[in-house]
Amino acid sequence: MSERKVRVRFAPSPTGALHIGGVRTALYNYLFARQNGGQMILRIEDTDSTRYVEGAERYIIDSLRWCGIEIDEGVEQGGPHAPYRQSERKAIYLKYALQLVESGNAYYAFDTPEELDTLRKEMESRGKTFSYNYAIREKLATSLHLSKQEVQERIARGDQWVIRFKMPADQTVAMEDLIRGEVEINTSTLDDKVLYKSADSLPTYHLANIVDDHLMEISHVIRGEEWLPSLPLHYLLYRAFGWSDTQPEFAHLPLLLKPSGQGKLSKRDGDKLGFPVFPLRWVAPNGEVSRGYREDGYFPEAFINMLALLGWNPGTEQEIFSMQELIDAFSIDRVGKSGARFNPDKAHWFNAQYMHAADDRRLAALYEPMVVAHGHSCSHENALRIVSQIKMRATFPDEFWGLSSFLFEAPVAYDDKAQKKYWKGDAPKVVAALREVLAMIEPFTLAEMERVCHAWIAENEIPMGLVMNAFRLAIVGEAKGFGMFEMCEVLGKEQTLARLDRALAALPKE
RNA sequence: GGUCGGUUCGUCUAGCUGGUCCAGGACGUGAGAUUCUCAUUCUCAAAAUCAUGGGUUCGAAUCCCAUACCGACUACCA
């Protein structure tokens, strides 16, 4: 068992956008696969033709790619077990369902959904819960007590049928979960789940899932906690097929909870929670648009880092992890057992960390189009200079322009508050003198400005705060911006002197 | 209702085999320091009777039981 090749799978169903809980499940699968030199498989579970949403599969693939979660085998890259879309594997499932009927582990049931519905309502109106199980199945139209001939006839004349698992009564199933440990359950509390539907010739999740995991040689199933209740069925299915010896190990991840109210986060939460629930922007078939982390300005590395720590922790105080570091540090037994609420503030913090550490060239590529969009131009050299300064003050790229627009638009007025605070005493005279010093500096570079001006300031014993704040007011028009000489270098000598002259003329002399 | 799972600062969590935990870290919050504005950075602070009640034990956040609360599941959905 321990020698077994690690093969994990992420198996979403294309019923809409993938929410962050799903992304986290995919991530944990991926980390586990990579850490163990195993394979990561993407299987599309589209066995519910009625809930299929156009574009969802594309969205899932794009999302994983943006996150940096690489797929080894799947609908796009193919692989030894292709196809990886269950709708394209239709042909293989019936055989297995029939095999179960043959071996007495399953049976045909001819009830229509409507019949079951009325039965269910009837029971409920009498205060009882309806469960399709050992107690009731003998009374319904099933192959369990119908003659072989009648079963054949019904099928032949096109009656709708379904194959249900024959859940044994009063057996204890002992299961092992990598996160929760031993879990036991009595089968009498379980019902006869539908495995195959004749209506669309498609299996249900349970059958398709077990068959495909077996066929695809999956070694570990890492999925959401909502699947824990069906784990006994899955165990029994493996047993019925005679596959228990190669049955995968299971790990059920705690759920991601809604931040305010209660309940698990769902894709229907879309855009209503005050933070994105989806990695990428999603336009639903009904036209409803939900924002995404990518469009909100999150770096994929930050998004992944944040998600990885939501439910898992390394046991150390390290919080910033690259994908490779996550791969090295991840372990399933350090995944928590309880559901986690998502914290938008912490997500911001993670993004800010990546922003501050981001490569200037990467940020400049984001910045330059913004400058152009605002009707200005900027040399690549200056973009790099600007971005290296403003990134320390930003959390998201969309703050860039607000943090630097004054470099492209000279002040037309001077902030009153800043004037009162900084344009007083010797300030006007000092700035006038500084203008002359700057005028003589050649080349007009950061290093040169610092060298000359700092010497001048020291020599004349001028308080740093006095010069710089007044200087800032003159250049920017208010008390904002980054380093003065850094800004002047971007502005260039001509613009710097022009702004000084204008300020000296517009502001009070004393 | 039934079955299963969970329960440590507002939030994410450390705490795995009981003592060094009158519970540690991070986010957020407050205060201060540094600084040419802002931001960064740094320091400090407030913040959890470890859901509650019983055990077991010399000793429990850590083991056991019960209760409460929360969640998942309970479809011819995944």
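Above this text is the structure in question.
These remarks concern the structure in this document. For clarity, every value in this text was computed on a predicted model and none was experimentally measured. (Residues numbered from 1 in each chain as written. Chains lettered and ligands numbered in written order. Predicted model: local features only at pLDDT ≥ 70, side-chain atom pairs only at ≥ 80, totals over all residues. Heavy atoms only, no water.)

## Points about the overall build of chain A
Along the backbone of chain A there are 18 helices and 15 strands. The C-alpha radius of gyration of chain A comes to 33 Å, more than 25% above the 24 Å expected for a compact globule of 510 residues. For chain A, the spread of C-alpha atoms along the principal axes amounts to about 110 × 50 × 40 Å. Counting over 510 residues, chain A shows a buried share of 50%. Partitioning the intrachain contacts of chain A with sequence separation of at least 6 by distance along the chain shows that 71% fall at a separation of at least 24. For chain A, the accessible surface area stands at approximately 23700 Å², while carbon and sulfur atoms represent 51% of it. Charged side chains of chain A number 60 positive and 72 negative; the gap between the two group centres comes to 3 Å. (Helix = DSSP H or I, 4+ residues; strand = E, 2+ residues; numbered from the N terminus. Rg over C-alpha atoms; globule rule 2.2 N^0.38 Å. Buried < 20%, exposed > 50% of the residue type's maximum accessible area, 1.4 Å probe, protein only. Contact = heavy atoms within 4.5 Å. Areas by Shrake-Rupley, 256 points an atom, 1.4 Å probe, with all protein chains shown as cover. Lys, Arg positive; Asp, Glu negative; His and termini not counted. Charge placed at Lys NZ, Arg CZ, Asp CG, Glu CD.)

## Some points on the sheet that holds strand β8 (residues 194-197)
With respect to topology, four strands assemble into an open sheet ordered β4-β5-β8-β9, the strand pairing being antiparallel. Strands with a single pairing partner mark the edges of an open sheet, and in this sheet they are β4 (106-109) and β9 (202-203). Note that strand β5 (residues 162-165) and β8 share three bridges and pair antiparallel. The residue of β8 that forms the bridge with Arg164 is Val194. Strands β4, β5, β8 and β9 of the sheet are contacted by helix α3 (residues 90-102), whose axis makes an angle of about 105° with β4. (Pairing = 2+ DSSP bridges. Axes fitted to C-alpha atoms, helices over the stretch in contact; angles between N-to-C directions.)

## Brief notes about the packing of α3 against helix α6 (residues 205-215)
Relative to each other, α3 and α6 sit at 105°, their axes nearing to 10 Å. The orientation of α3 with respect to α6, classified from their angle, is roughly perpendicular. Contact with α3, carried on its side by Ile92, Tyr93, Tyr96 and Ala97, involves Leu207, Ala208, Val211, Asp212 and Leu215 of α6 and no other residues of that element. Taken together, the residues of the contact of α3 with α6 sort by class into eight nonpolar, no polar and one charged. (Parallel < 35°, antiparallel > 145°, perpendicular 65-115°, else oblique. Nonpolar A, V, L, I, M, F, W, Y, C, P; charged D, E, K, R; others polar.)

## Focus on the protein's contact with RNA strand B
Not every one of the 56 residues close to RNA strand B is listed here, only the nearest: Asp111, Glu319, Arg393, Asn469 and Gly481. Among the atoms of RNA strand B lying within 4 Å of the protein, the sugar-phosphate backbone contributes 73%. Contacts to RNA strand B include Lys264, whose backbone N or O atom sits 3.1 Å from a phosphate oxygen. Those elements that place two or more of their residues in the surface near RNA strand B are α4 (113-125), β5, β7 (181-186), β8, β15 (340-341), α10 (344-357) and α17 (464-476). Take the surface near RNA strand B: its biggest share by element is four residues, from α17. (Near = heavy atom within 4 Å. Polar contact = N/O pair within 3.5 Å; in protein donor to acceptor, adjacent residues only side chain to side chain.)

## A short note on the environment of Ile441
By secondary structure assignment, the location of Ile441 is in the loop between α15 (427-439) and α16 (446-459). Under the relative-accessibility criterion, Ile441 is labelled buried at 2%. Expressed as a C-alpha distance, the spacing of Ile441 and Val452, which sit 11 residues apart in the sequence, is 7.6 Å. Excluding its chain neighbours within four sequence positions, the residues that come into contact with Ile441 are Glu448, Met449, Val452, Cys453 and Lys493.

## A look at the side chain of His206
Structurally, His206 can be placed in helix α6. Classification of His206 as buried rests on a relative accessible area of 10%. Filtering out sequence-adjacent residues up to four positions away, His206 remains in contact with Lys193, Leu195, Ser230, Leu233, His234 and Leu237.

## Considerations on the pattern of salt bridges
On inspection of all chains with the given rule, the structure shows 37 salt bridges. For Lys480, the salt bridge is made with Glu478, and the minimal N-O distance between the two is 3.8 Å. A cluster of three or more residues bridged by salt bridges with shared partners is formed by Arg9, Arg43, Glu45, Arg89, Asp212 and Asp213. (Salt bridge = Lys/Arg side-chain N within 4 Å of Asp/Glu carboxyl O.)

## Considerations on the environment of Gly425
If you trace the backbone, Gly425 turns up in the loop between α14 (416-422) and α15. Among the residues examined, Gly425 registers a relative accessible area of 53% and is labelled exposed. Through-space distance from the C-alpha of Gly425 to that of Leu466 is 9.0 Å; in sequence the pair is 41 residues apart.

## Quick notes on the packing of helix α8 (residues 300-308) against α10
Following both chains from N to C, one finds α8 and α10 inclined at 135°, their axes separated by 9 Å at the closest point. It follows that α8 is oblique to α10 by the angle criterion. In terms of crossing hand, the pair formed by α8 and α10 is right-handed. Where α8 abuts α10, its residues Glu301, Ala302, Asn305 and Met306 lie against Ala347, Phe350, Asn351 and Tyr354. By residue class, the composition of the contact of α8 with α10 is five nonpolar, two polar and one charged. (Left-handed = near helix turned anticlockwise from the far one by under 90°.)

## Here we look at the nonpolar core
Ranked by internal contacts, the top residues of the largest apolar core, which has 60 residues, are Tyr28, Leu64, Ile69, Tyr293 and Phe303. Secondary structure elements with two or more residues in this core: β1 (7-10), α1 (20-35), β2 (39-42), α2 (56-67), β11 (249-253), α8, α9 (323-329) and α10. Broken down by element, the residue count for this core peaks at nine residues, all from α1. Apart from the residues within four sequence positions on either side, Tyr28 is in contact with Ile222, Leu253, Leu307, Ala308, Leu310, Gly311, Trp312, Phe330 and Val335. Counting residues in hydrophobic clusters, the runner-up holds 57 residues, among them Ala364, Ala418, Leu434 and Ile475. (Core = buried A, V, L, I, M, F, W, Y, C linked by side-chain atoms within 4.5 Å.)

## Concerning the pairing of β1
By the alternation rule, side chains of β1 split into Arg7 and Arg9 and Val8 and Phe10, which are all buried. Pairing of β1 with β2 involves four bridges; the strand directions are parallel. Bridge pairing in β2 places Arg9 opposite Ile41. At this point the chain moves from β1, through α1, to the parallel β2, and the crossover so formed is right-handed. (Right-handed = clockwise from strand over helix to strand, strands pointing away.)

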